[in-house]
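Below, each chain spelled out in residue letters.
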Amino acid sequence: METSVLITGASSGLGADFARRYAMEGKNLILTARRLDRLEELKTEIEAKYGVNVEVISADLSSAAGRNFVIDRCLGRVGILVNNAGFGIGSTFESTPYPRVQELIDVNITAVSSFCHAFIPEMKARGEGSILNIASMAGFTAGPYMAAYYASKAFVLSLSEALHEELLPFNVHVVAVCPGPTLTEFFDHTGPKRALGQNLFLMGSDEVVRQAILDAKRNQAIAISGFRNKFLHFLTIVLGRRVARKSVAKIQGSRQ
Ligand SMILES: NC(=O)c1ccc[n+]([C@@H]2O[C@H](COP(=O)([O-])OP(=O)(O)OC[C@H]3O[C@@H](n4cnc5c(N)ncnc54)[C@H](OP(=O)(O)O)[C@@H]3O)[C@@H](O)[C@H]2O)c1
């Protein structure tokens, strides 16, 4: 049976560019997000341009019902899984209403882990498969003023690294994709004062996606996007977690 690439959060940003890139390779797609109109638009664009089949599923991954709906529709058909849906909250932890924190945990953590758990068995049975979990540079440090977001990405990074090792013998490749600031709609939803225009580390979404797919094919465990982010990661290791978190506190605290 022909498999597809399942991409979560495909209605904008990185997810939409993953869809375009995999379609370019001739792969059929299953795209999911809440905004059905955006998914339908992308389906029309991609089918016309690349002649692949695109199926769209509208679902809210913050609810168990939404996650299970997608899993039930896709079981047995997923050759590549891109766990991309996610969002950030840019404010102090205690000032964020707890239901919003829970929503972040449900989308950024529970959806990622439940989709891995659901689709790994079929990939193992086929003797091949790839999982690209979109973590972040935020996964390498604590993130004052975006605490839950940074913590969620640390989870994704750690889970992905562990699964990478567990699944190596089965020819199933798991990679934690770690972009830095990327030009998408992400910062529109994260909170005020997060304009990205002057950011030295800013990358285009397509460039991040192109590299991530290449790194997944090379079976890397961790794919840090771009030279500048790789250098920043190196600095974080050299300077240590204390300096890193204090720097984040300074930068993000000034935006409050
Ligand atoms: N942009 C950056 O600077 C950056 C840096 C590092 C990592 N990342 C990560 O990259 C991933 C993609 O983000 P992006 O930058 O492309 O931002 P984006 O343009 O805002 O895209 C986020 C996607 O997630 C989906 N999503 C959000 N909440 C959802 C929910 N409850 N249920 C289902 N889908 C949901 C959105 O779709 P709907 O709203 O239609 O549901 C959208 O398609 C995220 O995991 C983010 O943490 C981004």
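Note: the structure precedes this text.
Residues numbered from 1 in each chain as written. Predicted model: local features only at pLDDT ≥ 70, side-chain atom pairs only at ≥ 80, totals over all residues. Heavy atoms only, no water.

Re the overall build of the protein
Looking only at helices and strands, the protein has nine helices and nine strands in total. The C-alpha atoms of the protein give a radius of gyration of 18 Å, which matches the 18 Å a tight globule of 256 residues would have. Dimensions of the protein, computed from the C-alpha atoms along their principal axes, are close to 50 × 40 × 35 Å. Within the span of the protein, comprising 256 residues, buried residues form 50% of the whole. The long-range fraction of contacts in the protein, counting pairs at least 24 apart against all pairs at least 6 apart in sequence, stands at 70%. Surface exposure of the protein reaches about 11800 Å², of which carbon and sulfur atoms provide 57%. (Helix = DSSP H or I, 4+ residues; strand = E, 2+ residues; numbered from the N terminus. Rg over C-alpha atoms; globule rule 2.2 N^0.38 Å. Buried < 20%, exposed > 50% of the residue type's maximum accessible area, 1.4 Å probe, protein only. Contact = heavy atoms within 4.5 Å. Areas by Shrake-Rupley, 256 points an atom, 1.4 Å probe, with all protein chains shown as cover.)

What to know about helix α5 (residues 147–167)
With 21 residues, α5 should cover 30 Å at 1.5 Å per step; its first-to-last C-alpha distance of 30 Å lies within 8% of that length. Within α5, burial applies to Ala148, Tyr149, Tyr150, Ser152, Lys153, Val156, Leu157, Ser160, Leu163, His164 and Leu167. Looking at the packing, one finds that the buried side of α5 touches α4 (98–126), β5 (129–134), β6 (172–178), α6 (186–190), β9 (222–224) and α9 (241–253). (Expected span 1.5 Å × (residues − 1).)

Some words on the layout of surface pockets
In this structure, the second largest pocket spans a volume of roughly 250 Å³. Lining the second largest pocket are 16 residues, with Thr3, Lys27, Gly79, Ile80 and Glu128 positioned closest to its centre. Put simply, the parts of the chain that give the lining of the second largest pocket at least two residues each are β1 (4–8), β4 (78–83) and β5. (1 Å grid on protein atoms, 1.4 Å probe; cavity = no way out; pocket = protein on both sides within 12 Å on 5 of 7 lines; lining within 4 Å. Points joined across faces, edges and corners; volume = space filled by probe spheres on them.)

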